[in-house]
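Observations on the three-dimensional arrangement
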Amino acid sequence: MKYELQPSIAILDENGLTTSAGWSIIYNVDSQTGEYQGATYHFLPVGVGLPAYAYLDAPKQVEDDHAIVRQGNKWIYPVDHRGKAIYSTETGAESIVTNIGDTPEGYTLLKPTSDFDSWNGKKWELDKEKQHQYDVTTAQSQQSQLLNDANSAISNLQDAVDAEIATEQQTEMLKKWKKYRFELNQIDVNTAPNIQWPANPQ
């Protein structure tokens, strides 16, 4: 033919070497992971083979939650959660998926609904004991802080009373602080969060 209306197509033999020079669509993969990187046109002279990490057979199209990976002489399509948040089934801590493949052992894509959830093997469940212990610890801390405030106020007022320089108002306030401290000490923190804290004298 005087004119070629189509680009010549490379022909390769059974050994993967070009017997007829021409263009070919090749499918490239990452040299480390085998993940598909895209298709390109490549001119193949006679006697050469495909570039490294390139293949002639096309992979199939996949949804966004799968990847295309070359494994041996075939394409595989593993799940791909990269960029998604996963949660430790032990602690509930969040991390981001960086690798192709199934969710790592000990992690789930399901997000805990609270800081007190525990994993039952299939889903998160509210751990009432865990929540109660948190409430108790919080109550203990609050009780301790309030007692410190009360002790400080009582100490100052008691000094004034002992030195016989306290006003009538200060003497009355000392009684109120002592009553308040007594009420604080009577609180059972194990009943948290159902605690009625006494009113601060101030």
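The following paragraphs examine the structure supplied in this document. Everything quoted here is computed from the prediction, not taken from an experiment.

All right, on to the nonpolar core then. Counting 16 residues, the largest nonpolar core has A139, W177, Y180, L184, A192 and I195 as the members making the most contacts within it. Contributions of two or more residues to this core are made by helix 1 (128-162) and helix 2 (168-185). The element contributing the most residues to this core is helix 1, with 8 residues. Those residues in contact with A192, other than ones at most four positions away along the chain, are H132, D135, V136 and A139.

Turning next to the sheet that holds strand 9 (residues 94-96). Read across the open sheet, the 3 strands follow the order 9-8-10; overall the sheet is antiparallel. Edge positions in the open sheet fall to strand 9 and strand 10 (107-108), since each of these has one partner strand only. As paired elements, strand 8 (residues 85-88) and strand 9 share 3 bridges and run antiparallel to each other. Bridge pairing links I86 to S95 in strand 9.

What follows is about the environment of A67. Within the secondary structure, A67 sits in the loop between strand 5 (54-55) and strand 6 (69-71). Ignoring any residue separated from it by four or fewer positions in sequence, one finds A67 in contact with I76, Y77, P78, D80, R82 and I100.

Let us look at the side chain of S24. Note on placement: S24 falls in strand 3 (residues 22-29). A relative accessible area of 10% means that S24 is categorised as buried. Those residues in contact with S24 that lie beyond four places of it in its chain are A10, T40, Y41, H42, L44 and L56.

Thresholds, definitions, all that
Residues numbered from 1 in each chain as written. Predicted model: local features only at pLDDT ≥ 70, side-chain atom pairs only at ≥ 80, totals over all residues. Heavy atoms only, no water. Core = buried A, V, L, I, M, F, W, Y, C linked by side-chain atoms within 4.5 Å. Buried < 20%, exposed > 50% of the residue type's maximum accessible area, 1.4 Å probe, protein only. Helix = DSSP H or I, 4+ residues; strand = E, 2+ residues; numbered from the N terminus. Contact = heavy atoms within 4.5 Å. Pairing = 2+ DSSP bridges.

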